[in-house]
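# Understanding the architecture of this molecule
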Amino acid sequence: MHRGVGPAFLLGRKMAASGMETQILVQYLVLRKDLSQAPFSWPAGALVAQACHAATAALHIHRDHPHTEAYLRELGRMRKVVLEAPDETTLKLLAETLQQKNVDHMLWLEQPENIPTCIALRPYPKEEVNQYLKKFRLFK
């Protein structure tokens, strides 16, 4: 067992063991692939940091949403899926679509350059947001 695992995690394990299945929630992230390639050539650590910033911000902004609360209650069941957008234009178009469809998300802008790097959705049931993300493949 990991150090720092609290009662919420243990309760989640007891619920799963007793057959009371909770709804599976996923936090999706869409990270710009072109930032890892020339002319940008950002190192892997910088890209991971962008995804972490976006995920943390989305969780914080939507911390009072019941899905986010449930997601954070069960640390051992957290699921994240990191997808790739080929470029800035595609990432911005996705952000516009999500905004129009009232899908809660955070478009992370790296400062001070104001570069859009990653979109993180708040935790959602997969079937609620899959239609907006199905054209994106897993980040490699």
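Within an unreviewed UniProt entry, the label attached to the protein reads peptidyl-tRNA hydrolase, and the organism entered is Vicugna pacos. Within the UniProt record for the protein, the comment given under Catalytic activity (unreviewed entry) is "an N-acyl-L-alpha-aminoacyl-tRNA + H2O = an N-acyl-L-amino acid + a tRNA + H(+)".

Judged by nonpolar contacts, the single largest core of 17 residues is most densely connected at Val-30, Ile-119, Leu-121, Val-129 and Leu-133. When residues of this core are traced back to their parent elements, those giving at least two are β1 (25-32), β2 (80-85), α4 (88-100), β4 (115-121) and α5 (126-133). If one sorts the elements of this core by residue count, α4 sits on top with four residues. Non-local contacts of Leu-121, meaning those with residues more than four positions away in its chain, are made with Gln-27, Tyr-28, Ala-58, Leu-98, Val-103, Asp-104, His-105, Val-129 and Leu-133.

Another point: the pairing of β4. Within β4, six of the seven residues are buried, which leaves it mostly tucked inside the rest of the structure. Note: β1 against β4, three bridges, orientation antiparallel. Directly across from Leu-29, in β4, lies its bridge partner Ala-120. Direction of pairing for strand β3 (residues 105-110) relative to β4: antiparallel, over a ladder of six bridges. Residue Glu-110 lies in a different strand from β4, and its bridge partner there is Ile-115. Where β3 hands over to β4, the hairpin turn is made up of four residues, of which Asn-114 adopts a positive phi near 65 degrees.

Considering all chains together, one arrives at zero aromatic pairs under this definition. When the ring centre of Phe-40 is taken as reference, the NZ or CZ atom of Arg-32 above it lies at 5.5 Å. Over the aromatic face of Phe-139 sits the side chain of Lys-33, whose NZ or CZ is 4.9 Å from the ring centroid.

Examined bridge by bridge, β1 and β2 share six bridges and lie parallel to one another. Bridge pairing in β2 places Tyr-28 opposite Val-81. Relative to strand β6 (residues 137-138), β2 runs antiparallel, the two being bridged by two bridges. Across the sheet, residue Leu-83 finds its bridge partner in β6, namely Leu-138.

Once that is clear, we can look at the pattern of salt bridges. Summed over all chains, the structure comprises six salt bridges. For Lys-92, the salt bridge goes to Glu-88, with nearest N and O atoms at 3.0 Å. Of the two residues, Lys-92 and Glu-88 are both situated in helix α4; the distance of four residues between them amounts to about one turn of the helix. A salt bridge links Arg-122 to Asp-104; the nearest nitrogen and oxygen atoms lie 2.8 Å apart. With Arg-122 in the loop between β4 and β5 (124-125) and Asp-104 in the loop between α4 and β3, this pair connects stretches of sequence that are 18 residues apart. Overlapping salt bridges bring together Arg-32, Asp-34, Glu-88 and Lys-92 as one network.

Another aspect to go through is the confidence of the model for the protein. For the protein, per-residue confidence averages 89 on the pLDDT scale, and 84% of positions sit at 70 or higher. Confidence over residues 1-20 falls short of pLDDT 50; this stretch has 11 contacts with residues more than four positions distant or in other chains.

What counts, and at which threshold
Residues numbered from 1 in each chain as written. Predicted model: local features only at pLDDT ≥ 70, side-chain atom pairs only at ≥ 80, totals over all residues. Heavy atoms only, no water. UniProt positions renumbered as here; feature names shortened; annotations may be inferred. Core = buried A, V, L, I, M, F, W, Y, C linked by side-chain atoms within 4.5 Å. Buried < 20%, exposed > 50% of the residue type's maximum accessible area, 1.4 Å probe, protein only. Helix = DSSP H or I, 4+ residues; strand = E, 2+ residues; numbered from the N terminus. Contact = heavy atoms within 4.5 Å. Pairing = 2+ DSSP bridges. Phe/Tyr/Trp six-rings, centres within 6.5 Å; stacked < 30°, edge-to-face > 60°. Lys NZ or Arg CZ within 6 Å of the ring centre and 35° of its normal. Salt bridge = Lys/Arg side-chain N within 4 Å of Asp/Glu carboxyl O. pLDDT = per-residue confidence, 0-100.

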